[in-house]
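A structural walkthrough
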Amino acid sequence: MLTHRRWESLDTADHGWLRAKYHFQVTPSGNPAHRPLGPLIVWNDDEIAVDGGFPFHGHTDVEIVTFVRQGVLGHRDTLGSEGTIRAGDVQVMSAGTGIRHAEFNKGDVPLKLYQIWLQPREAGGEPHWATQPFPRNEGAGHFVVMASGYADDEGALPVRADARLLGATLSGGDSLWHTLEPSENAYLVVASGRIVVNGEPMGPLDGVAITDVSTIQIIALENAELVMVEAG
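Reference entry: report on the structure contained in this document. (Residues numbered from 1 in each chain as written. Predicted model: local features only at pLDDT ≥ 70, side-chain atom pairs only at ≥ 80, totals over all residues. Heavy atoms only, no water.)

1. Considering the overall build of the chain
The test is simple: Helix and strand definitions here come from DSSP, where helices need a minimum of 4 consecutive H or I residues and strands a minimum of 2 consecutive E residues; each element is numbered from the N-terminal end. Working definition: with a 1.4 Å probe on protein chains only, accessible area under 20% of the residue-type maximum means buried, over 50% means exposed, and in between means partly exposed. By definition in these notes, contact holds between two residues if any of their heavy atoms fall within 4.5 Å. Areas reported as accessible are Shrake-Rupley estimates using a 1.4 Å probe. Residue values count occlusion only from the protein chains shown. Positive charges are assigned to Lys and Arg, negative charges to Asp and Glu, while His and the chain termini are left out of the count. A single reference atom marks each charge: NZ on Lys, CZ on Arg, CG on Asp, CD on Glu.
Within the chain, the secondary structure is distributed over zero helices and 22 strands. In terms of principal-axis extent, the alpha carbons of the chain reach across some 45 × 40 × 35 Å. Across the 232 residues in the chain, those meeting the buried criterion constitute 53%. Once local pairs closer than 6 in sequence are excluded, the contacts in the chain between residues at least 24 apart make up 72%. For the chain, the exposed surface amounts to about 10200 Å²; the carbon and sulfur share of it is 50%. Both charge centroids of the chain, one from 16 positive and one from 30 negative side chains, sit 5 Å from each other.

Structural data, given as structure tokens:
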């Protein structure tokens, strides 16, 4: 079953320096139909203004995956990690027993990113932070695993959750097939472009929850970039 979460149906927030759309319900007053999907509990589409950002704040027992779509993200944390994450890069922060961090727009254009939260398999563990680029050329025409909780996904950033983050780029007219394991559901977002999924159209920035489906066919109506989480 495909359950669309169209861009216009998403909950929204505007704090001036931060404009956000929420693919999943984040407050009791949010859209109750936008429930978690297994360990996938948050998918925020954030736009951070130039010179804006989140001051130091803390997290525990959550896996936070960030995919930068536009601009430059600056990161600092209490582990001593400091990084510059550019468009196309992926960042994973395993909060574990506790970590504090700050994230901010380090560029001269609005910073656009997806921030995705996953529930870990178990509580605790040492906090960890890492980043790496998403090789878009390798993702041309098929999905590439960018972060994963499964040891078989070599080269992907590790997360401590039964989930994986995938990305793909398609040219207009391209088609791809993707198989899901019987225990897996998925959430797919169109980062750019227009596509058709199993016969149903999706526009730019739309999301769709994919449940009880073994195979999906995606046809690109124009050049498109896709980001998807498979959640066990």
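Having seen the structure, we can now continue with the description.
2. Side note on the sheet that holds strand S12 (residues 128-133)
Stated formally: One requirement defines pairing of two strands: DSSP has to find at least two bridges between them. Orientation is described by axes fitted as lines to C-alpha atoms, over the contacting stretch for helices, and by angles from 0 to 180 degrees between their N-to-C directions.
Read from one edge to the other, the open sheet built from seven strands follows the order S2-S3-S4-S11-S6-S9-S12, with strand pairing classed as antiparallel. Single-partner strands in this sheet number two, and they are strand S2 (11-14) and S12. Pairwise comparison of adjacent strand axes, ignoring direction, gives a mean angle of 15° for this sheet.

3. With respect to the pattern of salt bridges
Convention followed: For this analysis, a salt bridge means a side-chain nitrogen from Lys or Arg found within 4 Å of a carboxyl oxygen belonging to Asp or Glu.
Scanning the model with the defined rule gives eight salt bridges in all. Among the salt bridges present, the one from aspartate 162 reaches arginine 121, with a minimum N-O distance of 2.5 Å. With aspartate 162 in the loop between strand S14 (157-158) and strand S15 (163-170) and arginine 121 in the loop between strand S11 (111-118) and S12, this pair connects stretches of sequence that are 41 residues apart. Look at arginine 121 and you get partly exposed, because its relative accessible area is 45%. For glutamate 184, the salt bridge identified is with arginine 164, shortest N-O distance 2.9 Å. Taken together, the positions of glutamate 184 in the loop between strand S16 (175-179) and strand S17 (185-192) and arginine 164 in strand S15 put the pair 20 residues apart, joining distant regions of the chain. Look at glutamate 184 and you get buried, because its relative accessible area is 7%. On the accessibility criterion, arginine 164 (14% relative accessible area) is buried. Salt bridges here are not isolated pairs; linked through shared partners, they connect Asp153, Arg164, Glu184 and Glu230.

4. A word on the packing of aromatic side chains
What describes a pair of aromatic rings is the distance from one ring centre to the other and the angle between the planes of the rings. Using the following cut-off: Between the rings of Phe, Tyr and Trp (Trp by its six-membered ring), a pair exists once the centres lie within 6.5 Å; its type follows the angle of the planes, with under 30 degrees stacked, over 60 edge-to-face, and the other angles tilted.
Scanning all chains against the criterion turns up five aromatic pairs. Seen in terms of ring centroids, tryptophan 43 and tyrosine 114 are 5.6 Å apart; in terms of plane orientation they differ by 65°. Their pairing is edge-to-face. Here tyrosine 114 lies in strand S11 and tryptophan 43 lies in strand S4 (residues 40-48), a separation of 71 residues in the sequence. The two residues tryptophan 43 and tyrosine 114 agree in class, both being buried. One aromatic cluster is present, built from ring pairs that chain together Phe24, Trp43, Tyr114 and Tyr187.

5. Side note on the side chain of glutamine 115
Put simply, the rule reads: A 3.5 Å cut-off defines polar contacts: any pair of N or O atoms within that distance qualifies, except that in protein one atom must be a possible hydrogen donor and the other a possible acceptor, and neighbouring residues in sequence count only when both atoms are side-chain atoms.
Considering the arrangement of structural elements, one finds glutamine 115 in strand S11. At 3.1 Å, the side chain of glutamine 115 forms a polar contact with the side chain of tryptophan 117. Glutamine 115 has contacts with Val42, Trp43, Asn44, Asp46, Ile64, Val65, Thr66 and Glu103, leaving out every residue within four places of it along the chain.

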